[in-house]
Structure formats: structure tokens, C-alpha cells
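One-letter residues, chain by chain:
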Amino acid sequence: MTRSLKIRSDWIEKIKLSLKRNGIPNQKHLATDVGLAISTVSNFLNGKPVDYASFKDICDCLNVDWQVVADWGDEPMPDQSNSEQIGGALSPSAPFYITRPPIEERCTASILQPHSLIRIKSPHQMGKTMLIDYILEQSAQQGYRAVKVNLQSADEAVFVNLDALLRWVCNKISWKLQLNRIANDYWSDIFGSKDNCTAFFEEHILPDSEMPLVLGLDDVDRVFEYPQIAADFFGLLRSWYEESGMGQWTKLRMVIAHSTEIYVPLRSDESPFNVGLPIELMDFTSEQVQVLVSQYGLSWTQSQLLRLMEMVGGHPYLVSLALMK
């Protein structure tokens, strides 16, 4: 599946008209509401390709069906009953989600407790996003607020400095929680970026509900590429984890996922990668591959199953790709 999308040409004018219908006066306000650069919003509204996650976020904000307005080119429109995520990952509520006991049980038990941080590590396309979605879904079923922020959806300009990144994170969370609070309106020139971000959480995000907030941060590898801000960003997450054992911070639970090794220098007492519950995703077992084969409605012999695993091992994405051929 493509990693970027654009609006169908016959929908461009309709989408532009939908701004006012949704009470959004201009592109700048839309960019602020969604937490994206105005250049990304401008490209979207003018029928130019934007990354997959940004396309869906903007459509959600405008209350339009992203699958209907997307120009799929020669690709068929995806079947939502089977797939809802980027790059072939499947929703945990879809029939093609394969559990890997005892991982799901451990994560669910952890996230229901205060002072919880789950850190998921695996190579690319092993199911990290799906597991985050599973955890958030389980949290929502308990009445918790659940928000996922994918760092890959952020424009390059977001990483120009720590202040820009933290404002983007705050705006993204505020928008997804429908709080209608823009970080710029509450940021103070007196304090630093980390203090402003923490204050925004303390004053506007955490108090909004008595229920816990489960924050999923996907693809945090993106921050590794910017060592000038990485140490401060991850140090802030560690400080929130330390705070989560007291006061209203007990409502915050975090899930962070990354694919690569941590190659930015972090002090042991300022790293979120040496605390909480570590989860490492491995290849599917033969039994799990067999379950996936059955989910695709295929009746394979044991020898066919073994031949598949000889070719791709139990790599979740490669197995799924082979079954879709």
C-alpha cells in the first residue's frame, strides 16, 4: 500500500468548501488544529500527495471519509473490514490480528496500573503499531482516554528545535482528545520548552477527565535522527514517568515503540528505555502462522506452511504479504 495519498481531483473544491462548514476559517487554523505544518495542509487541499497518516488526520478533522476522497490511482480501495492501518498493519479488532501470548496479557495488566510505561522494540514491520493499537483499545474499553501519536507523521519542520516538537506533540494530543486548546495560547516565554509542555499537561490535558490517559508514542526512532533535541525529549518522558507515581500524574500511562537501537547518548537516570515493562516482538511461531493462514480462508497442508516459513521465516509482514499474493 502506498505511503502517501492525495485528494481525488473531483473532490478538491468540495474539501475546500468543507473548511467553513466545520468552522475552520483558513488553512493556518486547520494546520494548527491538526498539528501539521501549513505546507502539508496546503499540499493536501491542492491535491498534492501528503504522507498517509497526515492525510487521514486532516480528513478526520474535516469529517470526511478518507477512503472515499483519496486518489488510489491503480490501487484498489482497501477493505476496512480487514485493514485499517498504514503499511499493511491491521487493527487489533480485525480478524487478522494474531495474538502472541503472553505479550498482550502482560501489556494489558501493566497499563491498568498507575506508574506504567511499556516500551516496545522490534525490527520494522513486526507489529509494534498493531500492539500499541491493541493496548489503546483495551484501555478504551476500561473507559480510559487513549491517544496515539506517530512521530513519523510529523513534518521535518517539527524537528527544527525542541520547542517546535513539544508544541506539536501538545497540539496533536489536544486535537485528538477534542480539547480545542492550542499550545501556542498557553506557552510562556518565561519558561523553557519542557516546563511549558509539562505545564500544558498539568493544566489542560490531565485535569480534563478523572479517567487515566494512555499515551502511545509510535516510531520514536524519528527523534533519534535529531541528537540536538533527542536527549531533552526523552529526558522529559523519563521525568513524566517519575512523576506518574504521584498526584494527578498517576493518570498518565505511556507506551513507546521503536525499531532501531538507541544510539543517542542518554544518562541512565534520564532515559525512558531502562524503566517500565520491556516488550520485544519476535517472529510468528508456526502455530501463529497457521492461524493467520486460516484467517485468510486458506486450507494449507503442513508442507505448504513449512515452505512458506523457509522462505520468509515468521516475519509478520512478509508472511501477510505472501498470503495476499
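Structure: above.
Let me sum up the structure you'll find in this document. (Residues numbered from 1 in each chain as written. Predicted model: local features only at pLDDT ≥ 70, side-chain atom pairs only at ≥ 80, totals over all residues. Heavy atoms only, no water.)

1. What to know about the environment of E13
Here is the rule we go by: Numbering of helices and strands runs from the N terminus; a helix is a DSSP stretch of H or I covering at least four residues, while a strand is a stretch of E covering at least two.
You can see E13 is positioned in helix α1 (residues 12-21). Along the chain, E13 and Q295 lie 282 residues apart, while their C-alpha atoms are 41 Å from each other.

2. Points about the packing of helix α8 (residues 162-176) against helix α9 (residues 193-205)
For clarity, the cut-off: Axis definition: a line fitted to C-alpha atoms, over the contacting stretch in the case of helices. Angles run 0 to 180 degrees between N-to-C directions. For classification purposes, angles smaller than 35 degrees are called roughly parallel, those larger than 145 roughly antiparallel, those between 65 and 115 roughly perpendicular, and all remaining angles oblique. Crossing handedness follows the turn of the near helix against the far one: under a right angle anticlockwise gives a left-handed crossing, and clockwise gives a right-handed one. We call two residues contacting when some pair of their heavy atoms lies within 4.5 Å.
Contact geometry of α8 with α9 gives a least axis separation of 9 Å together with a crossing angle of 10°. In this view, α8 runs roughly parallel relative to α9, as classed from their interaxial angle. The interaxial crossing formed by α8 with α9 has right-handed handedness. Contacts between α8 and α9 involve L162, D163, L166, C170, I173 and S174 from the former and S193, K194, C197, F200, F201 and I205 from the latter.

3. Quick look at the packing of helix α4 (residues 52-61) against α8
Definition in use: Each residue gets one of three labels, nonpolar for Ala, Val, Leu, Ile, Met, Phe, Trp, Tyr, Cys and Pro, charged for Asp, Glu, Lys and Arg, and polar for the others, Gly among them.
Relative orientation of the contacting elements α4 and α8 amounts to 45°, with a least axis distance of 12 Å. Taken together, α4 and α8 sit at an angle that is classed as oblique. The handedness of the crossing between α4 and α8 comes out as left-handed. Contacts between α4 and α8 involve D57, D60 and C61 from the former and K172, W175 and K176 from the latter. Grouping the amino acids of the contact of α4 with α8 by side-chain chemistry returns 2 nonpolar, no polar and 4 charged.

4. Details of the pairing of strand β7 (residues 277-280)
Side-chain positions along a regular strand alternate between the two faces of the sheet. Where we set the bar: We call a residue buried when its accessible area falls under 20% of the maximum for its residue type, exposed when it is over 50%, and partly exposed in between, using a 1.4 Å probe and counting protein chains only. Two strands are counted as paired when DSSP detects at least two bridges linking them.
The alternating pattern of β7 places L277 and I279 on a buried face and P278 and E280 on a face that is not buried. Pairing of strand β3 (residues 117-121) with β7, which is carried by 4 bridges, proceeds in the parallel orientation. Within β7, the residue paired with R119 across the bridge is P278.

5. Section: the side chain of S244
Rule in force here: The definition of a polar contact used here is a pair of N or O atoms within 3.5 Å, where within protein one atom must be able to donate a hydrogen and the other to accept one, and adjacent residues in sequence count solely through side-chain atom pairs.
Its place among the elements puts S244 in the loop between α11 (227-243) and β6 (252-258). Polar side-chain contacts of S244 include one of 2.8 Å to the side chain of H115.

6. Section: the sheet that holds strand β4 (residues 145-150)
Overall, parallel pairing links the 5 strands, which are arranged β4-β5-β6-β3-β7 in an open sheet. The two strands at the open ends of the sheet, each matched to only one other strand, are β4 and β7. Pairwise comparison of adjacent strand axes, ignoring direction, gives a mean angle of 15° for this sheet. Each of β3, β5 (213-218), β6 and β7 is contacted by helix α6 (residues 103-111), which is oriented at about 155° to β7, the strand it contacts most.

Interpretation in functional terms is not warranted from these geometric data alone.
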